[in-house]
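Here is what each chain is made of, one letter per residue.
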Amino acid sequence: MEVVAINEGQSLIRMENVSTAILKNIFLHVKKGEIITLIGSSGAGKSSLLMLLNRLNDPDEGTITYRGQDVNSYDIPALRKSIGMVLQSSSLFDGTVEDNLAYGPKIFNEWDEKMGEELLQNVQLPTSYLQRPVDELSGGEQQRVAFARTLANRPDILLLDEVTSAVDLKNVELIEDFLSRIVPERVQAILMVTHDVAQARRLGNRTIFMDQGKIVEEGKTSDLFANPQTEQLQYFLKE
């Protein structure tokens with residue numbers, strides 16, 4: 001099934017009573033224009049939640065819908081094109097920067113050579129990098145190329161898993177600035193796992209706190225940090 005259009009006000013993603021071996025009774029709605037930051041201790045289930053959304057894993061119980069349709073009804077390549085994911089490791093393959101950028105669009109016969117320059121401009125890399133082998137790039141530059149490669153597929157949603165944890169401060173600032181500018185004009189929503197509480201404050205307009213596979217607390221980011229309601233979150237923020 002092709003990715004379908006969405007009505008104004010409809011949730012892009014809905015998770016209803018979703019459980020896996022790690023996650024327990026997850027309810028989550030994602031709407032257009034949101035940057036949702038997911039925080040919690042290591043092993044809380046944050047990454048596991050992300051991987052359900054473009055079917056890198058499937059739930060044991062519950063339902064996940066995207067644009068009103070069960071995710072199982074979508075063609076997996078089309079789903080992953082529309083719900084793009086960037087990991088902590090850039091996961092670039094051998095070859096040039098352009099080889100990496102063109103890979104996804106060529107699968108769908110959508111690559112235009114002009115796209116390469118625009119994609120690099122989006123992540124503040126010079127267009128001369130197009131023909132540079134990726135193994136000659138710094139870690140931060142590789143991560144920005146990974147973002148550009150995902151954007152080449154024109155995703156509606158970005159899933160980000162600790163994408164700045166292994167890059168230097170300059171690249172953290174560049175990536176955060178980039179993310180804050182692309183919603184909702186280029187990307188309709190972002191779900192971002194981060195271990196950096198300050199980053200969650202800076203970027204998220206909604207934050208979800210997870211512990212032991214459960215969503216313990218969620219809300220508007222400024223309210224959640226200013227007035228945590230649960231002992232688990234209060235303790236986490238003091239660590």
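Numbers given for residues are sequential positions, taken from 1 along each chain in its written order. This being a predicted model, a pLDDT of at least 70 is required before a residue's local features are given, and a value of 80 or more before pairs of side-chain atoms are given or counted; all residues contribute to the totals for chains, interfaces and linings. Side-chain measures were taken over the full set of non-hydrogen atoms in the model, leaving aside hydrogen atoms and water.

As annotated in an unreviewed UniProt entry, the protein carries the name Phosphate ABC transporter ATP-binding protein, PhoT family and is attributed to Natribacillus halophilus.

The numbering of helices and of strands both runs from the N terminus, where a helix is a DSSP run of H or I of at least 4 residues and a strand a run of E of at least 2. A count of helices and strands for the protein gives 9 helices and 10 strands. For the protein, the C-alpha atoms occupy an extent of roughly 50 × 40 × 30 Å along the three principal directions. Counting over 239 residues, the protein shows a buried share of 52%. Residue contacts are defined here by distance: any two heavy atoms, one from each residue, within 4.5 Å place the two residues in contact. Taking all contacts inside the protein whose residues are at least 6 apart in sequence as the whole, residues at least 24 apart take part in 69%. In this description, accessible areas are obtained by the Shrake-Rupley approach with a 1.4 Å probe, and a residue is regarded as covered only by the protein chains that are shown. When the accessible surface of the protein is split by element, carbon and sulfur atoms take 45% of a total near 11,400 Å². Working convention for charge: Lys and Arg count positive, Asp and Glu count negative, and His plus the chain ends are omitted. Here the site of a charge means NZ on Lys, CZ on Arg, CG on Asp, or CD on Glu. Seen as two clouds, the 24 positive and the 35 negative side-chain charges of the protein have centres 3 Å apart. Throughout this description, buried means an accessible area under 20% of the type-specific maximum (1.4 Å probe, protein chains only), exposed means over 50%, and partly exposed covers the range between.

Our next topic: unusual backbone geometry. Cis geometry marks the peptide bond from Val183 to Pro184, where omega comes out at 0 degrees. For Pro184, the position within the fold is in the loop between helix 6 (169-182) and strand 8 (189-193). Unusually for a residue other than glycine, Arg55 sits at a positive phi of about 65 degrees. By the secondary structure assignment, Arg55 is in the loop between helix 1 (46-53) and strand 4 (61-66).

Buried Ala, Val, Leu, Ile, Met, Phe, Trp, Tyr and Cys residues that are joined via side-chain atoms within 4.5 Å together make up what is termed a nonpolar core. Leu101, Leu119, Phe147, Leu160, Leu179, Ile182 and Ile190 are the most contacted members of the largest nonpolar core, which totals 34 residues. Those elements that place two or more of their residues in this core are helix 3 (97-107), helix 4 (114-122), helix 5 (139-151), strand 7 (157-161), helix 6 and strand 8. Setting aside residues no more than four positions away along its own chain, Phe147 makes contact with Val86, Val123, Leu160, Val163, Ile175, Phe178 and Leu179. Counting residues in each nonpolar core, the second largest holds 29 residues, with Ile26, Leu53, Tyr66 and Leu79 among its members.

The gaps of empty space that remain are located by a probe, the size of a water molecule, rolled over the atoms. Using a 1 Å grid laid over the protein atoms alone, points where a 1.4 Å probe fits but cannot get out form a cavity; open sets with protein on both sides within 12 Å along at least 5 of 7 lines form a pocket; any residue with an atom within 4 Å of a point counts as lining. Grid points are joined across faces, edges and corners, and a volume is the space filled by probe spheres set on the points. Taken as a whole and judged by the stated rule, the model has 1 cavity of 30 Å³ or more. Here the largest cavity defines a volume of roughly 50 Å³. Among the residues making up the lining of the largest cavity, the classes are represented as 5 nonpolar, 2 polar and 1 charged. Each residue is assigned to one of three groups, with Ala, Val, Leu, Ile, Met, Phe, Trp, Tyr, Cys and Pro labelled nonpolar, Asp, Glu, Lys and Arg labelled charged, and all others, Gly among them, labelled polar.

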